[in-house]
Every structure is written in C-alpha cells, then in structure tokens.
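Fold and contact review
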Amino acid sequence: MPKECRRKTSKDLGLSGINEGSRSERRSAQKSSSQICNERIHQTPSPESAPPTLMETRRVPQVTITPEGGGTSREMQQEDWDDAVDGTLRRKLSNSSISSTGSSAVESEDDLLSDNESKSKGIVTLEHLVDPGEPKPWWKLKTIVHWPFSATQRRKLNWVQLAGHKGNFKAADEGTILKKFSENEMQCFEKLRGDALLPFVPAYHGVVEKDGESFLHMADLLANFDLPNVMDCKMGVRTYLEEELVRARERPKPREDLYRKMVEVDSEGPTPQEHSQRGVTKPRYMQWRETMSSTNTLGFRIEGIKKCDGTCRTDFKKTRSKQDVIQVFSDFVGGNVNILKSYLNRLAEVRQALKMSEFFKRHEVIGSSLLFIHDRTGNAQVWIIDFGKTTALPEGQMLHHDIPWQEGNREDGYLWGLENLIHTLESVNVQETEEETCCSSTKENTQMT
Ligand SMILES: O=P(O)(O)O[C@H]1[C@H](O)[C@@H](OP(=O)(O)O)[C@H](OP(=O)(O)O)[C@@H](OP(=O)(O)O)[C@H]1O
Ligand SMILES: Nc1ncnc2c1ncn2[C@@H]1O[C@H](COP(=O)(O)OP(=O)(O)O)[C@@H](O)[C@H]1O
C-alpha cells in the first residue's frame, strides 16, 4: 500500500490534548511546542514556586574536578546554550575544550550489537545462576520473599539491555529477572510499595541471595511484548551524585577507562593534562557526557534503542539538539500515530503520578531512566527504572525537580526533563495513515532452554 506522504506533527493530530496542563500554557503563549521547548532553554526563572515547566538552564553550574583536587565552578553562559541548541557546542569549560561534529544518530551505523561483541549494551542472553540440571536447592532467602523457581524453569532468556553494566542481570522465573543487588535500589523499591509511582515501576518481588551474592527480583518489563521496540531515556539534568563530586574533589582518581571512552567519542574531549595522564575523573566524564548529549539542554538523553527488526543502537552520545532527538523518536515510533498517542498518554500519567508521589518529593533521582516499550500489536508502555542512584534527602527536606541545580541543593531537573520530553515527542512527525511498524510475529523475548 502506498504510504501517505503528507506528514503531520502529533499536535496537528490532536495529541497535544493529552498534555492538558501544558497545553493551556502553550495556548496562552500562542507558541508551538517546539518553540516552547527551545525557549525554555533561554527563559529566566520565575520565583521559587515556579511551575515545573520553567527552569533557567543558563544557571546549571559546571563544577569541574581537577586531578589535583579543588573544584572550580562556572555557570553556563547564554552563548553556551545558543551553541547547544543549534547542535554545535563550541564552548570551553574552565579546564577543558569540547567540540562536536553533531549527532551520531546520522553518523554511525556500526552499532548492531550482540552479546558476542565486546560492547556491554544491546541484545543479550541472560543466564540463570546455575546450570539447568543442578539438583540441589541453592537459593538462600534473604528477605520474606519465597523463592519461586523450579529447576525446569531455569532457562536462558533472550533479552535487551540498553544501558547499565554488563552482567548485572540474570534470568529468573518466567516474566521476571534478577538485578544485582544495590542497597539503595532495594530501599527505593521498599519505599515505593505504597507510593503513587508504584504502577509505573517494575513489580518488585524482594531480595534473593546465592553464594553471598544478592539480587533484586523484579518483573521483566519486556515479558508481555511480542518483538518489542525498546528505548531507554535517562532523565534529569545531572547524572552523578553530589557526593561523587565531593569525593572526587577530596580524592581525585583519574580513570583510564573513562578517558578511553571519552577519546573514542571525541579525541579533543580531554584537556592536555588529562591526555598526558591518560585519565579523567568520574564527575568530569559524567559532565562531559551531559554536555555532549541533551542532558544539560533538555533534561533527558537517549541511551539506547532496540527495534523489532533486531537492530540495536547505543551510539547516541552526541545526540543533543532537539531536532536530532525528534528524528530519533520519529524513527523509533515508525510513524505510528497510535503508538505515539499511547506514549504521550502514559507520560502524562507518569507526570501526574510524580507530582503526587511522596517518594519523589523526598528523593534525589539520579541516573534513572524511562523505558519505552511498544510492539506491533499497539501495546505501548513507559516505565520508570533504575533507582541505583536515587537517594533519600534528610528528614524534612524536599525537592522541586524543576529548578536549576546548584551544588548543595540536590535538584535533579527530572520534572523539567519530563516536560521537555513530552514536548519533544509532541513535535514528532507522524504519517496520517499508519505505517506498518515492522516485524514478523515470532516471540522474541522468550525463555530458551
Ligand atoms: O554511559 P557511559 O558513557 O558508558 O557511562 C557510564 C554510565 O554513566 C553509567 O550509568 P548507568 O549505569 O546509569 O548507565 C555509570 O554507572 P553508575 O550508574 O554506576 O554511575 C558509569 O560509571 P562507572 O560504572 O563508574 O564507570 C559510566 O561510566
Ligand atoms: N525490569 C526491567 N525489565 C526489562 N528491561 C529492563 C528492566 N530493568 C532494566 N532493564 C534493561 O536493562 C537496562 C539497564 O537497566 P538499569 O536498571 O539502568 O541498569 P544499571 O543499574 O546497571 O544502570 C535498561 O536500559 C533496560 O534495557
């Protein structure tokens, strides 16, 4: 069937109605959502109780950690943002020089990953912790959770891991997975039990332990999808904890692995000093990642995408401009207006839940992602994942999540990023007639023996 060529934005198709709160704001300003998104980057902040949409990104401080210790702080200037939004960042930090040639979204096609390759992210095969034939009971319960697995269920799982550390996940009983234990994340799951965010996080089944190694047992969000398309968006304007900054300042540890990762993307990234020592500190690397991608300018970034045709890309480190992000989103939804609508609906629900959530008010949410999953049946969902670096604030303290971060205030820019994410998704062009998104019907996220 010939494809309809006339392309429309989601707004033309009435999708912006989903986003009620911000629609009236847009109407009153008589501006398109794309304008708004760009303008937010330049707007000055309204007073303390500003609505979540207004955040002055010009004042996101760039705290630079030098190997000698002693952080220096520099506020981003107007020209930095001007450069950032037009896609050519040419700014210099106090001790570094960064250049970019634009989005990798159109540059690299070399990222078809499998677990045979050295890269840690992509399509993986999850193993169980023991050989399928092992006869003895080997699980030691650490919490009240009853270990439900039987030997016959110990199979390998074809899975998708778009971010995070290699080997962090194991297969578990059907529809569930194990993630390497983190005290922080465990506490978050426990606290989320009675919270408004509960419907948006993977169901949590407790902690299990084997041979001294502990795991968080949770729902496999891919389990109910047929050949899923998956996208990981890391939320917030900052991806490292304030305490990581403090630690790096007190005991700076230049890391060669991070230096190598930086050079791989931009040989001009490291400063002369970092080149000579072949090392960069963690916060320095994280800040560089934030400025190269859309984290600082939009409050979220794309980490990886796996499509139903089996292709997988995690080469988004330089996808920064709003236009580039729109292009990637557009490709991800494959012009399917219903998928786009479902995602926008779900994001509106997530936003609503975040505003209600007691947990969210009292936690600094760093490095957490929104996981988008859809398939050809039209099923499309968004989930909040990864609480490994989500930390509770001292008693009585609360965050806005939509005001600028300054060292000490622990703000993460999560809500601001979500607003921008919604507006960016609303700007995606969709075709008037639905395009077949792809793929045959073989079940992909399956348990294999
Ligand atoms: O994405 P790239 O450029 O590879 O950088 C990674 C990610 O930021 C990881 O975050 P995530 O796990 O959310 O993907 C982070 O782990 P943390 O979350 O532990 O900070 C890694 O720190 P190290 O593990 O210290 O290298 C850092 O090297
Ligand atoms: N519950 C889940 N269901 C399905 N996929 C998941 C789930 N949790 C994580 N993932 C996948 O694993 C990747 C890494 O997850 P994450 O929790 O961020 O790990 P880490 O803490 O190591 O960064 C995500 O990008 C996603 O592809």
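Residues numbered from 1 in each chain as written. Chains lettered and ligands numbered in written order. Predicted model: local features only at pLDDT ≥ 70, side-chain atom pairs only at ≥ 80, totals over all residues. Heavy atoms only, no water.

1. Some remarks on the overall build of the protein
- Along the protein, the regular secondary structure elements total 13 helices and 21 strands.
- Across the 449 residues of the protein, 54% fall into the buried class.
- Across the protein, contacts joining residues at least 24 apart in sequence account for 74% of those joining residues at least 6 apart.
- Of the roughly 19,000 Å² of accessible surface on the protein, a fraction of 49% belongs to carbon and sulfur atoms. (Helix = DSSP H or I, 4+ residues; strand = E, 2+ residues; numbered from the N terminus. Buried < 20%, exposed > 50% of the residue type's maximum accessible area, 1.4 Å probe, protein only. Contact = heavy atoms within 4.5 Å. Areas by Shrake-Rupley, 256 points an atom, 1.4 Å probe, with all protein chains shown as cover.)

2. Notes on the pattern of salt bridges
- Applying the stated criterion to the full structure yields 21 salt bridges.
- E358 is the partner of R362 in a salt bridge, and the nearest nitrogen-oxygen pair spans 2.8 Å.
- Residue E364 pairs with R410 through a salt bridge whose shortest N-O separation is 2.7 Å. With E364 in strand 16 (residues 363-366) and R410 in the loop between strand 19 (389-392) and helix 13 (414-426), this pair connects stretches of sequence that are 46 residues apart.
- A relative accessible area of 2% means that E364 is categorised as buried.
- Among the residues examined, R410 registers a relative accessible area of 18% and is labelled buried.
- It is possible to trace a salt-bridge network through shared partners that takes in K179, E185 and D386. (Salt bridge = Lys/Arg side-chain N within 4 Å of Asp/Glu carboxyl O.)

3. So, the site of ligand 1
- Taken together, 14 residues surround ligand 1, and among them H165, K234, K261, Y285 and R289 come closest.
- Contact between ligand 1 and K261: an oxygen atom at 2.6 Å from a side-chain N or O atom of the residue.
- A distance of 2.4 Å is found between an oxygen atom of ligand 1 and a side-chain nitrogen or oxygen belonging to Y285.
- Listing elements by their share of the shell around ligand 1, those giving two or more residues are helix 6 (256-265) and helix 8 (282-292). (Near = heavy atom within 4 Å. Polar contact = N/O pair within 3.5 Å; in protein donor to acceptor, adjacent residues only side chain to side chain.)

4. Concerning the site of ligand 2
- Near ligand 2 there are 21 residues, and of these N168, K179, L221, D232 and D386 occur at the shortest range.
- A distance of 3.4 Å separates an oxygen atom of ligand 2 from a polar backbone atom of V160.
- Residue D232 places a side-chain N or O atom 2.5 Å away from an oxygen atom belonging to ligand 2.
- Out of a free accessible area of 560 Å², ligand 2 has 94% covered by protein chains.
- Breaking the shell around ligand 2 down by element, the ones donating at least two residues are strand 8 (156-161), strand 10 (176-180) and strand 12 (213-219).
- Of the residues forming the shell around ligand 2, the biggest block, three residues, is contributed by strand 8.
- Grouping the amino acids of the shell around ligand 2 by side-chain chemistry returns 13 nonpolar, four polar and four charged. (Nonpolar A, V, L, I, M, F, W, Y, C, P; charged D, E, K, R; others polar.)

5. Concerning the sheet that holds strand 15 (residues 312-313)
- Reading across from one edge, 15-14-13-17-18 is the order of the five strands in this open sheet, with antiparallel pairing throughout. The open sheet is flanked by strand 15 and strand 18 (380-385), the only strands paired with a single partner.
- Sheet topology note: the strand 13 (residues 229-235)/strand 14 (residues 300-306) ladder contains six bridges and is antiparallel. For M235, the partnering residue across the bridge sits in strand 14 and is F300. (Pairing = 2+ DSSP bridges.)

6. What to know about helix 6
- Taken residue by residue, helix 6 has L258, Y259 and M262 as its buried positions. Buried residues of helix 6, seen end-on, are gathered within an arc of 105 degrees and therefore sit on one face of the element.
- Taken together, the buried residues of helix 6 touch helix 7 (272-277) and helix 8. (Arc of directions from axis to C-beta.)

7. Some words on the environment of I302
- Along the polypeptide, I302 turns up in strand 14.
- Taking C-alpha positions, I302 is 7.6 Å from T319, a pair spaced 17 residues apart along the chain.
- What I302 contacts, discounting residues up to four positions off in sequence, is M231, D232, C233, F316, V325, V328 and F329.

8. Description of the packing of aromatic side chains
- Enumeration over the complete set of coordinates arrives at ten aromatic pairs.
- Relative to W405, the ring of Y240 has its centre 6.1 Å away and its plane inclined at 90 degrees; by these criteria the two rings are edge-to-face. One end of the pair, Y240, is in the loop between strand 13 and helix 5 (242-250); the other, W405, is in the loop between strand 19 and helix 13, with 165 residues separating them in the sequence.
- Between the aromatic rings of Y343 and F372, the centroid separation amounts to 5.0 Å while the plane-to-plane angle is 75 degrees, which identifies the pairing as edge-to-face. Taken together, the residues Y343 in helix 11 (residues 337-356) and F372 in strand 17 (residues 369-374) connect sequence positions 29 residues apart. Of the two residues, Y343 and F372, neither departs from the other in class, the shared state being buried.
- In textbook terms, an aromatic cluster arises when at least three aromatic residues are bridged by ring pairs, as seen for F189, Y204, F359 and F387. (Phe/Tyr/Trp six-rings, centres within 6.5 Å; stacked < 30°, edge-to-face > 60°.)

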